[in-house]
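# Report on the structure
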Amino acid sequence: MSARIVVKETKIAPDDARREIVLRVFRFNAEFDVLPAYNDFALKVAQSETLLDALNRIKAETDATLSYRRSCRHGICGSCAVVVENQAALACKANLFDFADRYGEILTIDPLDKSLAIKDLIVDKTRFWESYRAVSPWLETPADDAPTQENLIAPETADRLNGADACIECGICFYGCPVVAANECFLGPAALTKTYRFVADIRDQAANDRLRFVDREKSGVWDCVKCYKCQESCPKALNPIEKIMRLRETGFERKTIGDSIASRHAKAFKTSIVKLGRLDETANVLESLGFFAALKHIRAAFAMLRKGKIPIGITKIDKLDEVKKLVKSASRSQE
Ligand code: SF4
Ligand code: FES
C-alpha cells in the first residue's frame, strides 16, 4: 500500500458542506506489473459529487496516469462500471456521500474483474462483446431501401420488450454472474437479455432461430442457476433473470425447445406439481436423466435412501385442484 496522496481542492461547495473521503484505488498495468497495488487518494467531496467526478479530479489534478473508462457521464454509455466496496456500480451514478454513509470514509474501488484488468480500472471486455455479438444483436427484418415512413409499433406491443431495449451494455451483470465465471461457454445475462429484446419485438423475423440458439446446453438459458445476482446488480433495473425465464417459456410456447436434461427437468417439475401438488424428486431425476442414465447414480441413491433423504410414497396434497388452477393461470405454454 502506498502513502496517502492528498488531492488538490476544487472549490465546489463551502467547506462545512464537504466531507473528507479516501478512495483506495486498484492500480495495475498489465504491460509492466506483476502484482496489483492500491493507491489512497484523500479528497474533500461535495454532496453532489459522484465517484466519476472524484476520479476526474484525481486524474486532472494529481495523477494523470490513473486509468478508467467513461464517456457520457449520465448513465447511458455503460462504460464507467466499476466495483465500489464489492458492489458493482456506474461511477457516474455513484454518489460518494451515499457510499460513505453505508461503508465509511475509506472506499475501495476495483475494476469489474481484477483478473481482467488491463490498466487500473479498465478491464478487457472481449468475452463480454463476443457473447453479445454471438446473439446477433440487431433486428432481422427485410430492409426497405427507400422507406416512406417509420416502421412503428403500437405502445402496448412495445411494452412486451419489458425494458430489455434499455440495456446499456455496462457488463455489470456479466462480470458478477457466477455461471459466467465457472463456464466459459455461457452467454451471460446481458446477451440473453438482448436475445429477449428481439424475440419480443414483433418486427423481428428470426425469433425462432434465436430461441433455438439460446436453447443450447452449456451456453444458453438452461445454464442460468437463478442466483438473482443480475437482478440485484443491474443499474438499469432490467431484471435480466426475468428475461431469461421468459425465453424459456417462449421456447415452450413456440415449441423450439429441444430434448435435453434441462428441458425434461422443467417438464417433470411441472408434471409433478400438477399430479401431486408437490415435488417428487425421485420421479424428476428419472424423467430428467432417463432410466439408464439414472442407473449410474444407483449407489448414491441407495446411500441417500438409507439416510432417509429420499422420500417414499409421496401422496397428493389436499386441495390439489387449487394448485392446478394456480399452475394453469401461471402457465403460458401447454408443455
Ligand atoms: Fe448492464 Fe443491466 Fe445491461 Fe447487464 S442487463 S449489461 S447490468 S444494463
Ligand atoms: Fe456513461 Fe457512466 S460515463 S454510464
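Note: the structure precedes this text.
In short, a report on the structure. Note that the structure is a prediction, hence the values are computed from the model and not measured.

Here we take up the layout of surface pockets. Here the second largest pocket is characterised by a volume of approximately 540 Å³. Around the second largest pocket sit 19 residues that line it, and Thr-282, Val-285, His-297, Ala-301 and Ile-310 are the ones nearest its centre. Where the lining of the second largest pocket is concerned, the elements lending two or more residues are α12 (281-289), α13 (291-295) and α14 (298-306).

Moving on, we get to the packing of aromatic side chains. Applying the stated rule across the entire model yields 10 aromatic pairs. Relative to Tyr-132, the ring of Trp-129 has its centre 5.5 Å away and its plane inclined at 80°; by these criteria the two rings are edge-to-face. Highlighted residues: Trp-129 and Tyr-132, both in helix α3 (residues 126-134), separated by 3 residues, approximately one helical turn. Using a relative accessible area of 39% as the deciding quantity, one classes Trp-129 as partly exposed. For the pair Phe-291 and Phe-292, a centre-to-centre distance of 5.4 Å together with 75° between the ring planes defines the contact as edge-to-face.

Spatially, the 6 strands line up as an open sheet ordered β1-β3-β2-β6-β4-β5, and their pairing is mixed. Of all strands in the sheet, those with a lone pairing partner are β1 (5-6) and β5 (87-90), marking the two edges. Here 4 bridges tie strand β4 (residues 81-84) to β5, and the two strands are oriented antiparallel to one another. Considered in β5, the bridge of Val-82 is made with Ala-89.

Bringing helix α10 (residues 240-253) into the picture now. Counted at 1.5 Å a residue, the expected span for α10 with its 14 residues is 20 Å, and the 20 Å between its end C-alpha atoms agrees. Of all 14 residues in α10, 10 are buried, a share of seventy percent or more. Taken together, the buried positions of α10 are occupied by Pro-240, Ile-241, Lys-243, Ile-244, Met-245, Leu-247, Arg-248, Thr-250, Gly-251 and Phe-252. On the buried face of α10, the contacting elements are α7 (189-199), α8 (207-213), α9 (229-233) and α11 (261-276).

For the pair α11 and helix α15 (residues 320-330), the least separation of the axes is 7 Å and the interaxial angle reads 145°. Residues Lys-270, Ile-273, Val-274, Lys-275 and Leu-276 of α11 form the contact with α15, whose participating residues are Leu-320, Val-323, Lys-324 and Val-327. Grouping the amino acids of the contact of α11 with α15 by side-chain chemistry returns 6 nonpolar, no polar and 3 charged.

Turning to its location among the elements, Glu-105 is positioned in the loop between α2 (96-103) and β6 (106-110). Taking relative accessible area as the criterion, Glu-105 reaches 35% and is therefore assigned partly exposed. Sequence separation between Glu-105 and Ala-42 is 63 residues, and the spatial gap between their C-alpha atoms is 9.7 Å. Aside from chain neighbours lying at most four places away, what touches Glu-105 is Arg-19, Glu-20, Ile-21, Val-22 and Ala-100. Of the polar contacts made by the side chain of Glu-105, one reaches the side chain of Arg-19; its length is 2.7 Å.

To continue, consider the pairing of strand β2 (residues 19-27). For β2 and strand β3 (residues 37-45), the ladder comprises 9 bridges, and the chain directions are antiparallel. Of the residues in β3, the one forming a bridge with Phe-26 is Tyr-38. Where β2 lies against β6, 4 bridges are found, and the strand directions are parallel. Opposite Arg-24, over in β6, you have Thr-108 as the bridge partner.

Right, let's talk about the pattern of salt bridges for a bit. Going through the model one piece at a time under the given rule, you end up with 16 salt bridges. The partner of Glu-49 in a salt bridge is Arg-57, with the nearest N and O atoms 2.8 Å apart. What makes Glu-49 buried here is its relative accessible area of 3%. Assessed through its relative accessible area of 8%, Arg-57 is described here as buried. The salt bridge involving Arg-212 is made with Asp-209; its shortest N-O contact spans 3.2 Å. A residue pair is termed a helical-turn pair when its members lie 3 or 4 positions apart in one helix, as Arg-212 and Asp-209 do in helix α8 at 3 residues. Shared partners join several salt bridges into a network, and the residues in it are Arg-27, Asp-63, Lys-119 and Asp-120.

Conventions used here
- Chains are numbered independently. Their residues run from 1 in the order of the written sequence.
- The order in which chains are written sets their letters, starting at A; the order in which ligands are written sets their numbers, starting at 1.
- pLDDT decides what is reported in this predicted model: residues at 70 or higher carry local features, side-chain atom pairs at 80 or more are listed and counted, and totals for whole chains, interfaces and linings draw on all residues regardless.
- Side-chain measures here rest on the full set of heavy atoms in the structure, leaving out hydrogens and waters.
- Note on definitions: the grid is 1 Å and covers protein atoms alone; a cavity is a set of points where a 1.4 Å probe fits but cannot get out; a pocket is an open set with protein on both sides within 12 Å along at least five of seven lines; lining residues have an atom within 4 Å of a point.
- Grid points are joined across faces, edges and corners, and a volume is the space filled by probe spheres set on the points.
- The way it works is that DSSP assigns letters per residue, a run of H or I at least four long becomes a helix, a run of E at least two long becomes a strand, and they are numbered from the N terminus.
- Aromatic pairs are defined between Phe, Tyr and Trp rings, using the six-membered ring for Trp, whenever the two ring centres lie within 6.5 Å; interplanar angles under 30 degrees are classed as stacked, those over 60 as edge-to-face, and all others as tilted.
- Residue exposure (1.4 Å probe, protein chains only): buried if accessible area is under 20% of the type maximum, exposed if over 50%, otherwise partly exposed.
- Paired strands, as defined in this entry, are two strands with at least two bridges between them according to DSSP.
- What a helix should span is 1.5 Å times the count of its residues minus one.
- We call two residues contacting when some pair of their heavy atoms lies within 4.5 Å.
- To obtain each axis, a line is fitted to C-alpha atoms, and for helices this fit is confined to the stretch in contact; angles are then taken between N-to-C directions over 0 to 180 degrees.
- Note on residue categories: nonpolar means Ala, Val, Leu, Ile, Met, Phe, Trp, Tyr, Cys or Pro, charged means Asp, Glu, Lys or Arg, and polar means any other residue, Gly included.
- Polar contact is defined as a pair of N or O atoms within 3.5 Å, subject to the rule that within protein one atom must be able to donate a hydrogen and the other to accept it, and that residues adjacent in sequence are counted only when both atoms are side-chain atoms.
- Put simply, a salt bridge is a Lys or Arg side-chain nitrogen that is within 4 Å of an Asp or Glu carboxyl oxygen.

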